[in-house]
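# Examination of the molecular architecture
Letter by letter, the chains look like this.
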Amino acid sequence: MAYAITRTCCNDASCVSVCPVNCIHPTPEEPEFGTTDMLYIDPQACIDCGACADACPVDAVYPVDRLRGPDVVFGDLNRDWYRDHPNDHAWGAPGFPRSLPGELGTLRIAVVGTGPSAGYTAQELLRCTSAELTMIDRLPVTGGLLRHGVAPDHQSTKRIAESFASVFHDPRLRMHLNLEVGTDVTHEELAAHHHAVVYAVGAAADRRLGVPGEDLPGSLPATSFVGWYNADPTVPADAVELSAERVVVVGNGNVAVDIARILLTDPDRLAVTDIADHALAALRRSRVREVVLLARRGPEQAAWTAPEFLALRRLPGVELVVEDHPQVRAAIEAAAPDSRAALLAGLPLVRTGDAGGEGGEGARPGPGRRIVLRFLSTPVELTGADGRVTGLTVERTRLTGDGVPDGTTGERETLRAGLVVRSIGHRGVPLPGLPFDERTGTVARRGGRVVDPATGQALPGVYVVGWAKRGPSGGIGANRACARETVDALLDDAVSRVLPEPPAGRAEFERLVRRRRPDAVGLKELRAVDRAERERGAAQGRPRVKLATVAELLAAGRRR
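Attention in this report is confined to the structure presented alongside it. Please read these numbers as outputs of a predicted model, since none were measured by experiment. (Residues numbered from 1 in each chain as written. Predicted model: local features only at pLDDT ≥ 70, side-chain atom pairs only at ≥ 80, totals over all residues. Heavy atoms only, no water.)

### Quick notes on the overall build of the chain
Applied cut-off: Helix and strand assignments follow DSSP, with helices taken as H or I runs no shorter than four residues and strands as E runs no shorter than two, numbered in order from the N terminus. Our radius of gyration looks at C-alpha atoms and nothing else; its globule reference is 2.2 Å times the residue count to the power 0.38. Partly exposed residues are those whose accessible area sits between 20% and 50% of the maximum for their type, while under 20% is buried and over 50% is exposed, using a 1.4 Å probe and protein chains only. Only heavy atoms matter for contacts: two residues are in contact if any of them lie within 4.5 Å across the pair. Charge counting follows a simple rule: Lys and Arg are positive, Asp and Glu are negative, and His as well as the terminal groups are ignored. Working definition for charges: the position is that of NZ of Lys, CZ of Arg, CG of Asp or CD of Glu.
A count of helices and strands for the chain gives 19 helices and 25 strands. For 560 residues, the compact-globule estimate of 2.2 N^0.38 gives 24 Å, and the C-alpha radius of gyration of the chain, at 24 Å, lies within 12% of that figure. Referenced to the eigenvectors of the C-alpha coordinate spread, the extents of the chain come out at roughly 75 × 60 × 55 Å. Here the chain, with 560 residues, has 55% of them falling under the buried criterion. Considering only contacts within the chain whose residues lie at least 6 apart along the sequence, 74% involve residues at least 24 apart. Side chains of the chain carry 67 positive and 72 negative charges; the gap between the two charge centres is 4 Å.

Structure representation (structure tokens):
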């Protein structure tokens, strides 16, 4: 019986490299890699060896005959992908690990960030060089997006962090946490102590709607909401108020789907995860019964991935409906089998009044818990009373034949809501000492090299990886190929002897850190935090109970 990849696929292609018959696609060498929702196993070519299941860092690979419940559909998804993408599974040219000539000596490389892109970068450098690494994070705990971005009910996805454990414990790597580049140390100081600096700082800001009322209390960016339920120390425990019956989430990508799912999932199901204690308590008291996912475009342009949406369709105790509209109905009826719109087939189509309960969207939600998918709606204003959001006014979108928004129709409606979350994408923020491309919201770069925008010339020894490099696109696994490209550029520069020689060394940098940030923490403190969280979790039957403030994290680290 063949194996199949399921919804927790991280797309990092660990399975591809171990498959003895090359039956997992798209591979990193193929054009579609990084653009598909997941990777797929061809059941006709699979020899049932299980190598892919052993290699998968997120336990996404199962024998088809062992799939149960909502995961049964993934056997069909894997098989059907090859119906439209026939492949002879021929091997490409072999690839070999990079290495550096011994006469270059030992490189010292700083990696700013400890999330997935930083982890893959460090992993690649430790595998193919004898470099000494310094990893830096502004928070006193590692993980980045893995810790503070992945939804708590996706515990299998978080297991990819285990693949970075050996990286963080490597004797050639020194870790400095609770240290912020640009505040505690400058880029120039990093460069003075390292041959190269790689920035893996993500895209920390949210895109704004640009409409009146956006800054009212009760209007939040998705990063704040996600950080709130993931115990991000930079997000206060009282950042989210759940006293209203309806929440509107502007956007329909995977993050928006995560937010809707967490808001309406039975808290008892979340109580066995690593969700923040304050979020779990708030969800137990929550009055939210309806979440509206709002999109400017039509169903065919929905931004969620098929695996995440299929999971949403099977959320226990929650009805999923589509707000009816002639263009929406037509898109679903005409949808190609593997399209985004086809995923909506069979869902109830409800009139505006039905979606909002008796009296329309301005009234209270109807009975039960439900998620309403509302397309062709552009936010134009957030309304409020007593200094807090009470509703969101939307206007119908007019689309071109290609589904591109082309203005609005003038038809407006106000959706009553006590919480509005904008989930319309992330954006990078400028870093002191680095050139920034305002248009793309990324560090100015060419490939993995940071460049001077005025001249287009690469800045010697300065590199970028992850969302700070390519923008907020691609999931966790996409960072693996991204990191390899950046590391290849760095190694090419090392071989070409264009990396600057730093005037100071590792010991001098550690003295600088102790002087600038006496409460900076390292691996020993990180281990103590991990141990404390796991012990708290074990007492409650959970994987861990996260410490939610910087003070708590530092205190746990000191108890090592």
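There is more to say, and it comes next.
### Description of the environment of proline 367
Checked against the element boundaries, proline 367 lands in the loop between helix H14 (352–356) and strand E15 (369–374). For the pair proline 367 and alanine 93, spaced 274 residues apart in sequence, the C-alpha separation works out to 59 Å.

### So, the side chain of serine 339
Put simply, the test is: Between N or O atoms, a polar contact is any pair within 3.5 Å; within protein, one atom must be a potential hydrogen donor and the other a potential acceptor, and residues adjacent in sequence are included only when both atoms are from side chains.
Turning to its location among the elements, serine 339 is positioned in the loop between helix H13 (326–333) and strand E14 (349–350). According to the relative accessible area criterion, serine 339 is buried, its value standing at 10%. Polar contacts involving the side chain of serine 339 include one to the main-chain amide nitrogen of alanine 342, which spans 3.2 Å.

### Considerations on the sheet that holds strand E18 (residues 405–416)
Under the convention used in this document: Only strands that DSSP links by at least two bridges are regarded as paired with each other. Only the stretch in contact is used when a helix axis is fitted, and all axes are lines through C-alpha atoms; the angle between N-to-C directions ranges over 0 to 180 degrees.
The strand order across the open sheet built from three strands is E16-E17-E18, with neighbouring strands paired in antiparallel fashion. Strands at the two margins of the open sheet, each flanked by one partner only, are strand E16 (377–385) and E18. Here the average twist between neighbouring strands, direction ignored, is 25°. Alignment of E16 against strand E17 (residues 388–399), held across eight bridges, turns out to be antiparallel. Each bridged residue has a counterpart across the sheet, and for glutamate 381 the counterpart in E17 is threonine 393.

### Observations regarding unusual backbone geometry
Residue histidine 25 is joined to proline 26 through a cis peptide bond whose omega torsion reads -5°. Even without a glycine there, the phi angle at asparagine 22 is positive, about 55°. A positive phi is found at histidine 89, a non-glycine position, where the angle reads about 60°.

### Describing the packing of aromatic side chains
To be explicit about the condition: Note on aromatic contacts: the rings of Phe and Tyr and the six-membered ring of Trp form a pair at centre separations within 6.5 Å, being stacked when their planes are under 30 degrees apart, edge-to-face when over 60 apart, and tilted otherwise.
For the structure on display, the rule yields seven aromatic pairs. Ring plane angle 90° and centroid distance 5.1 Å describe the contact between tyrosine 120 and phenylalanine 164, whose orientation is recorded as edge-to-face. Taken together, the residues span a long stretch of sequence, with tyrosine 120 in helix H3 (residues 116–128) and phenylalanine 164 in the loop between helix H5 (155–158) and helix H6 (165–168) at a distance of 44 residues. For phenylalanine 164, a relative accessible area of 2% puts it in the buried group. Each ring, one from phenylalanine 225 and one from tryptophan 228, has its centre 5.5 Å from the other, and the planes form 55°; the classification is tilted. Pair noted here: phenylalanine 225 and tryptophan 228 are both in helix H8 (residues 222–229), with a separation of three residues, about one helical turn. On the basis of relative accessible area, tryptophan 228 is assigned to the buried category, the value being 0%.

### So, the state of the cysteines
The following threshold applies: Two cysteine sulfur atoms form a disulfide, by the criterion used here, when they sit within 2.5 Å.
Tallying each qualifying case throughout the model produces zero disulfides. The thiol of cysteine 52 is not disulfide-bonded; the next cysteine sulfur, from cysteine 46, is found 6.1 Å away. The exposure class assigned to cysteine 52 is buried, which follows from its relative accessible area of 8%. No disulfide involves cysteine 482; its sulfur sits 15 Å from the nearest other cysteine sulfur, which is in cysteine 10.

### Looking at the sheet that holds E15
Reading across from one edge, E10-E19-E11-E12-E15-E13-E14 is the order of the seven strands in this open sheet, with parallel pairing throughout. Of all the strands in the sheet, just strand E10 (219–221) and E14 have a single pairing partner and so form its edges. Here E10 runs beside strand E19 (residues 419–422); their pairing, made up of three bridges, is parallel. Directly across from serine 219, in E19, lies its bridge partner valine 420. Against the sheet, helix H9 (residues 254–264) touches strand E11 (246–250), strand E12 (290–294), strand E13 (318–323), E15 and E19, its axis set at about 175° to E12.

### Focus on the packing of H8 against H9
Rules: Note on terminology: angles under 35 degrees are roughly parallel, angles over 145 are roughly antiparallel, angles of 65 to 115 are roughly perpendicular, and the others are oblique. Should the near helix be turned counterclockwise from the far one by less than a right angle, the crossing is left-handed, whereas a clockwise turn marks it as right-handed.
The N-to-C vectors of H8 and H9 enclose an angle of 45°; their axes lie 11 Å apart at closest approach. Between H8 and H9, the interaxial angle falls into the category oblique. Here H8 runs over H9; the crossing is left-handed. Across from Ala222, Phe225, Val226 and Tyr229 in H8, the residues of H9 making contact are Val255, Asp258, Ile259, Ile262 and Leu263.

### Considerations on the nonpolar core
Defined as follows: The definition of a nonpolar core used throughout is a set of buried Ala, Val, Leu, Ile, Met, Phe, Trp, Tyr and Cys residues joined through side-chain atoms within 4.5 Å.
Counting residues in each nonpolar core, the largest one holds 126 residues, and the members touching the most others are Ile5, Ile24, Phe225, Ile371, Leu373 and Phe375. Core analysis: the next-biggest nonpolar cluster, separate from the first, contains 20 residues, Leu190, Leu431, Val443 and Val450 among them.

### Concerning helix H12 (residues 306–313)
By the criterion of burial, H12 is predominantly enclosed, with seven of the eight residues buried. Restricting attention to buried positions, one finds in H12 the residues Ala306, Pro307, Glu308, Phe309, Leu310, Ala311 and Leu312.

### Quick notes on the environment of leucine 146
Mapped onto the secondary structure, leucine 146 falls in helix H4 (residues 145–148). Note: C-alpha distance between leucine 146 and aspartate 84 (62 residues apart in sequence) is 33 Å. If near-sequence neighbours (up to four positions away) are discounted, leucine 146 is found in contact with Pro116, Thr157, Lys158, Ile160, Ala161, Phe164 and Ile476.

### Some thoughts on H3
Just so we agree on the cut-off: To estimate the expected span of a helix, count its residues, drop one, and scale the result by 1.5 Å.
Taking 1.5 Å of rise per residue, the 13 residues of H3 would be expected to cover 18 Å, and the 18 Å separating its terminal C-alpha atoms lies within 8% of that figure. Taking burial as the measure, the 13 residues of H3 include 12 buried ones, the bulk of the element. Looking only at H3, the buried set comprises Pro116, Ser117, Ala118, Gly119, Tyr120, Thr121, Ala122, Gln123, Glu124, Leu125, Leu126 and Cys128.

Coordinates in, geometry out; function isn't part of it.
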